[in-house]
Each structure stands twice: as C-alpha cells, then as structure tokens.
Amino acid sequence: MRTTELVDGFRHSAPYVNAHRGKTFVVMLGGEALANNHFRGILNDVALLHSLGIKIVLVYGARPQIDAGLKAAGIEPAYHNGIRITDEDTLKVIKQVAGATQFDITARLSMSLGNTPMQNAQINLVCGNFVIAQPLGVDDGVDFCLSGKVRRIDSQGLRRQLDNNCIVLMGPIGASVTGESFNLTAEEVATQVAVKLKADKIIGFSETNGLSDENGNAIAELMPNQAIEHLAIMEQNGSACTGTTAFVKASIDACRNGVPRCHLVSYLDDGALLQELFSREGIGTQIVTESAERLRRATISDIGGVLNLIRPLEEQGILVRRSREQLEMEIEQFMLIERDNLVIGCAALYPFEEDNAGEFACLVVHPDYRDADRGSVLLNNIIGQARVRGYSRLFALTTRSIHWFLEHGFNIVEVEALPNKKKQLYNYQRRSKILALDL
C-alpha cells in the first residue's frame, strides 16, 4: 500500500471511529466462519473494534462442527421443522464441541505476539451464565428433549463486564433455573442479547457479502418487510442458505424489537467487517429498523410534492427554476424521502453517459426535517446508483452548499472538468461552484 492510500484510509475512516466509539455491537460467528481460513483475521478485526472503544459481545455457533462430532460418535442428527432434537448423547457431543470452540476463540484473542495485529492488545475475555434457558418442549408430538430457547438474559451482568472493558464470549448452550443445560441457536442468543442490551448493531457472517437481487447485484439495505419478501424469493428459487436465512430471520426479529441495524458480510472476504463499518459505501447488506420515512424513486404522481418542496428555493435563487413540464420529463431521475405521505426531501441523478459521469442535482430537504442528515442519505443513494451504472465521477453545481459537498468528499474543479454537454449549458453569470467526486 502506498503512503497516500494509507493516509487516505485513516482519514476516511475517522468519522466512523468517532461514531462507533462507546457503542455496543453483538458479533455472531457461525460455525462456517469459524472453520474458514479467515477466522483468525475476523478475530483480529474484532480485537481492533475493541481497541477503538466499541463494546463487543461475541456469540459463536458450531452447527457444522457439531454435525461432524455427531457423525464421528455414530449419532445420526435429528431435526423437526429445522430445529435440532437434542437427546442426552447429542448434548454431550455439543458440550464437547462448544467447549473446544470456546477455548479456541479464547486462545486466539489472548495472542499478543509481536508483529501481529494482536500485539499489546491485552484483551480480557469473559464467559459466564448470562443466559437462562428453558426447554422448547413438545411440538406436533415431537419432544425436542434438551433443545431449548432463551428465557432470560442477565443484561445487568453483561453491561458490568462491557463497562469493565471486557469482551463477552457466549456460546450455544444455556443453563436453566433447575441446573440443566440446553442446546440453543446462536442466532437466538445473539438476537436476545442485542435486544436486552439495546445494542447498536448485530453483525453476522455468510459466504457472500450480504444478499443479492435477481441480477446478482449486492443489496445495500433492506427494511424488515423487504427482507421477509427477499427470503421468500430465495426459498422459492432454492438459493437460500441455512446459515444466511437463520441470521436474516434473526435480524428481522431484532430490528422489530429495537436494534437499529443488522449487518451481514462475508467471512470469505478478508477485512469485510472493517470495510462494512468504516467506509461510506460499506460492503454487505444492512437490515434496518422500520421507519415512518422511506426512500424511494419518484413517479409522475409526485410532481406536486416535489414542486412544493423546491419552489421556495427557486424563488430565493438557490435553485435553477424548473417548469412543471420539465419536471414531468425528468421526474424519473429523482429520489424522494417520504414521511407520512409527505415529500420531505429530494435529489436527482442526471446521466451523462458519453462522459461516464452523473450530476447530483436538486438536493432539497424540507426546513422542518433538516436535523437528521437526510441530505447525506440522499447523496449516498445517488452515489450507489452512479456506481451501479459504472460512472467514474459524480459532479454537482452549487452557489450555497460548497462546504457541505467538501465535507462529503467532493473537490472543487474548474468548468473544463464538466461533461461536454453540461459545459455548454454552464451559466457564467450565475457562477456556480463546480464540485466533483471520483467514484
């Protein structure tokens, strides 16, 4: 890596370091991730998050390892409705596998060799009886035996350990009030812990960097209802992966119970965790809390709402005036933020295909809604669209918002940097500043 790349990396990640410091993340490592060659790198990245002041609860699963252990013991795995039936012999194997996994993770996070990411890390790792379990019972006449579910989370105990600068490590076994052990799913443990701690994020790992649409393009963000629809399509197409499906379902439950964001990234992509958390565009899929607001593409029926939003700025001379007829022709270029059926924000992406560029234009947020950085939401969406289209540059013209664009990574350029068609239309009397963002 060149020096400039290193410096740029630090500078671009700084806002995210500041934003994440002091927050609580629940990181769920499934058995597939543990078995992968990048397992050590993931734990190094978890240790880095801890060193940056992020409170970490690390929840591990071990489905493939448990299945291998059962096979070695000559025990045939039994399931009902996708849930493992855990008899006493099966639980013995699960305890052995879970215990060995716990010690492996502990050993990796205790490493402090020189010339490694863990040098001088000095991490205190804590395990304990933070989960109280209860049996699943009988379903359709099938006894799940020692398969259980979460009954209670000792959230106060967890917070004490996190406040003491410890990473809390939790596995797929929980104890009951009667002193029995029960086999739990890592997804349920992670979800319940995140909800009770009011965690800021759950992060999970799969083979791919999040979910993809029908064209194979990564989906950056889904609301819970959209995630449900996407899972249904995956199951119909036979493309659903057990681990991914389980995590997405858990994320939907977590979001609906107050966890703001759940991230899914790939354990096959070295550094995916850091790329997702410390870069503007991310790398995986986020499932986010339902909101009264939604971001969507404009339609012809939105003309009135957009005009009401932009007219005051046009009258002040901040925006170039658009006629209703012009807006009708351009409306498909607009993205909107809608709240309670009211258009409270808009922005447009005008294409200049011949120059492999796009124009970010007509950014407006209603004065009553300018305190939640909705302009950045619109900008990030437009940047994502421009990248999908393969544009190499995004530019904007402004007379008032120069510093806002500079804060978002744009640089001031001269008229000659504009696409040819836009250059011919440039108004030298208006003298708008031209800003560009390399994509």
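Along each chain, residue indices are assigned from 1 in the same order as the chain's sequence is written. Predicted model: local features are reported for residues with pLDDT of at least 70 only, side-chain atom pairs are reported and counted for 80 or more only, and whole-chain, interface and lining totals are derived from all residues. Side-chain calculation: all heavy atoms of the structure are included, whereas hydrogens and water are not.

Per an unreviewed UniProt entry, the protein chain is named Amino-acid acetyltransferase, and its organism is Shewanella aestuarii. UniProt positions are given in the numbering used here, feature names are shortened, and annotations may be inferred rather than shown by experiment. Entered under Catalytic activity (unreviewed entry) in the UniProt record, the comment concerning the protein chain runs "L-glutamate + acetyl-CoA = N-acetyl-L-glutamate + CoA + H(+)". In its Pathway (unreviewed entry) section, the UniProt record describing the protein chain reads: "Amino-acid biosynthesis; L-arginine biosynthesis; N(2)-acetyl-L-ornithine from L-glutamate: step 1/4."

Trainee: Provide a residue-level description of the overall build of the protein chain, including the pertinent values.
Mentor: Helical segments are the DSSP runs of H or I of at least four residues, strand segments are the runs of E of at least two, and each set is numbered from the N terminus. Of the regular secondary structure elements, the protein chain holds 15 helices and 23 strands. Structurally, the protein chain occupies a C-alpha span of about 80 × 55 × 40 Å along its principal axes. Each residue is assigned to one of three classes by its accessible area relative to the maximum for its type, calculated with a 1.4 Å probe on protein chains only: buried under 20%, partly exposed between the two thresholds, exposed over 50%. In the protein chain, which comprises 439 residues, the proportion classed as buried is 46%. Carbon and sulfur atoms form 47% of the exposed surface of the protein chain, whose accessible area is close to 22,400 Å². Counted as positive: Lys and Arg. Counted as negative: Asp and Glu, with His and the chain ends omitted from the count. Every charge is mapped onto a representative atom, which is NZ of Lys, CZ of Arg, CG of Asp or CD of Glu. The protein chain carries 44 positive and 52 negative side-chain charges, and their two centres are separated by 6 Å. A 1.4 Å probe and the Shrake-Rupley method give the accessible areas. Residues count as covered only by the protein chains that appear here.

Trainee: Can you tell me about helix 5 (residues 88–110), naming the residues and giving the values?
Mentor: Expected span of a helix: the number of residues minus one, times 1.5 Å. Given a rise of 1.5 Å per residue, 23 residues ought to cover 33 Å, and the 33 Å separating the end C-alpha atoms of helix 5 matches this to within 8%. The complete set of buried residues in helix 5 reads T90, L91, V93, I94, V97, A98, T101, I105 and L109. By the N-cap criterion, in which a side-chain oxygen at the helix start approaches the backbone nitrogen of a residue two or three places on, helix 5 is capped by D87, the distance to D89 being 3.3 Å. Residues adjacent in sequence count toward polar contacts only when both atoms are side-chain atoms; beyond that, a polar contact is any pair of N or O atoms within 3.5 Å, and within protein one must be able to donate a hydrogen and the other to accept it.

Trainee: I'd like a rundown of empty space enclosed by the protein, residues and numbers included.
Mentor: Think of a 1 Å grid over just the protein atoms. A cavity is a set of points where a 1.4 Å probe fits yet cannot get out, a pocket is an open set with protein on both sides within 12 Å along at least five of seven lines, and lining residues have an atom within 4 Å of a point. Grid points are joined across faces, edges and corners, and a volume is the space filled by probe spheres set on the points. In total, this model carries one cavity of 30 Å³ or more according to the counting rule given. Estimates place the volume of the largest cavity at around 50 Å³. Around the largest cavity, the lining residues are H38, G41, I42, D45, F205, S266, Y267, D269, D270, G271, A272 and L273. Contributions of two or more residues to the lining of the largest cavity are made by helix 3 (39–51) and helix 10 (272–278). Per-element tally for the lining of the largest cavity: the top contributor is helix 3, with three residues. Any residue outside Ala, Val, Leu, Ile, Met, Phe, Trp, Tyr, Cys, Pro, Asp, Glu, Lys and Arg is labelled polar, Gly included; the first ten of those are nonpolar and the last four are charged. Here the residues of the lining of the largest cavity are counted per class, giving five nonpolar, four polar and three charged.

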